[in-house]
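Inside the fold
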Amino acid sequence: MTPLLFVLILVFIATGAAIFWVATRRDVTPFLAVTMVLYFVNWLLAPIVMTILAWDRIINRLVLADLDVYTWYSIVEVGAYLITVVAFGLTRHRFRFITAGRAANWQMSPRLEIFLGVVSMVGSLLCRTWIMRAVGSTYNEG
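The subject of this paragraph is a nonpolar patch on the surface. Residues Met1, Phe6, Val7, Ile9, Leu10 and Ile13 make up a contiguous nonpolar surface patch of about 600 Å² in total accessible area. With respect to the secondary-structure elements, valine 7 resides in helix H1 (residues 3-23).

Mapped onto the elements, valine 85 comes out in helix H4 (residues 67-90). With a relative accessible area of 3%, valine 85 lands in the buried category. It is 9.3 Å that separates the C-alpha atoms of valine 85 and tryptophan 21, two residues lying 64 residues apart in sequence.

We now examine the packing of H1 against H4. Taken N-terminus to C-terminus, the directions of H1 and H4 make an angle of 20 degrees; their axes are 9 Å apart at the nearest point. Between H1 and H4, the crossing angle belongs to the class labelled roughly parallel. The hand of the H1/H4 crossing is left-handed.

The rules behind these values
- Residues numbered from 1 in each chain as written.
- Predicted model: local features only at pLDDT ≥ 70, side-chain atom pairs only at ≥ 80, totals over all residues.
- Heavy atoms only, no water.
- Patch = residues over 30% accessible without salt bridge, like charges linked within 9 Å, V, L, I, M, F, W, Y side chains within 5 Å.
- Areas by Shrake-Rupley, 256 points an atom, 1.4 Å probe, with all protein chains shown as cover.
- Salt bridge = Lys/Arg side-chain N within 4 Å of Asp/Glu carboxyl O.
- Helix = DSSP H or I, 4+ residues; strand = E, 2+ residues; numbered from the N terminus.
- Buried < 20%, exposed > 50% of the residue type's maximum accessible area, 1.4 Å probe, protein only.
- Axes fitted to C-alpha atoms, helices over the stretch in contact; angles between N-to-C directions.
- Parallel < 35°, antiparallel > 145°, perpendicular 65-115°, else oblique.
- Left-handed = near helix turned anticlockwise from the far one by under 90°.

Geometry only, nothing functional implied.
Rendered as structure tokens:
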């Protein structure tokens with residue numbers, strides 16, 4: 001394990017702990033807490049871990065041919081989210097428009113939540129398909 005991978009693991013752990021710290025507070029709605037967790041897992045943790053684990057198989061599709069460079073960019077990206085979560089946790093009175101706003105108190109029915117989840121997944125798949133048609137499936141195509 002390279003030192004950068006070790007630092008990335010530490011940043012992942014710190015970010016998870018910070019999310020837990022903020023999400024379990026009384027003034028944070030369940031919707032915001034779940035949104036922070038899903039963003040962390042779906043947009044940071046899963047893609048980065050899958051890319052690092054499958055590095056040898058997907059290296060020809062990546063612009064970055066060096067694992068250390070990719071790991072460094074991942075540390076910066078996850079670190080930026082960590083700083084955002086910590087800032088949100090430390091300065092809650094400055095984020096009152098988020099914690100006490102209309103959207104924070106909005107209650108959705110389970111049917112609407114499922115509908116919005118399905119619509120967002122279909123939209124993501126359509127965008128991915130359109131992007132792949134435009135730029136190709138690898139950086140060498142196009």
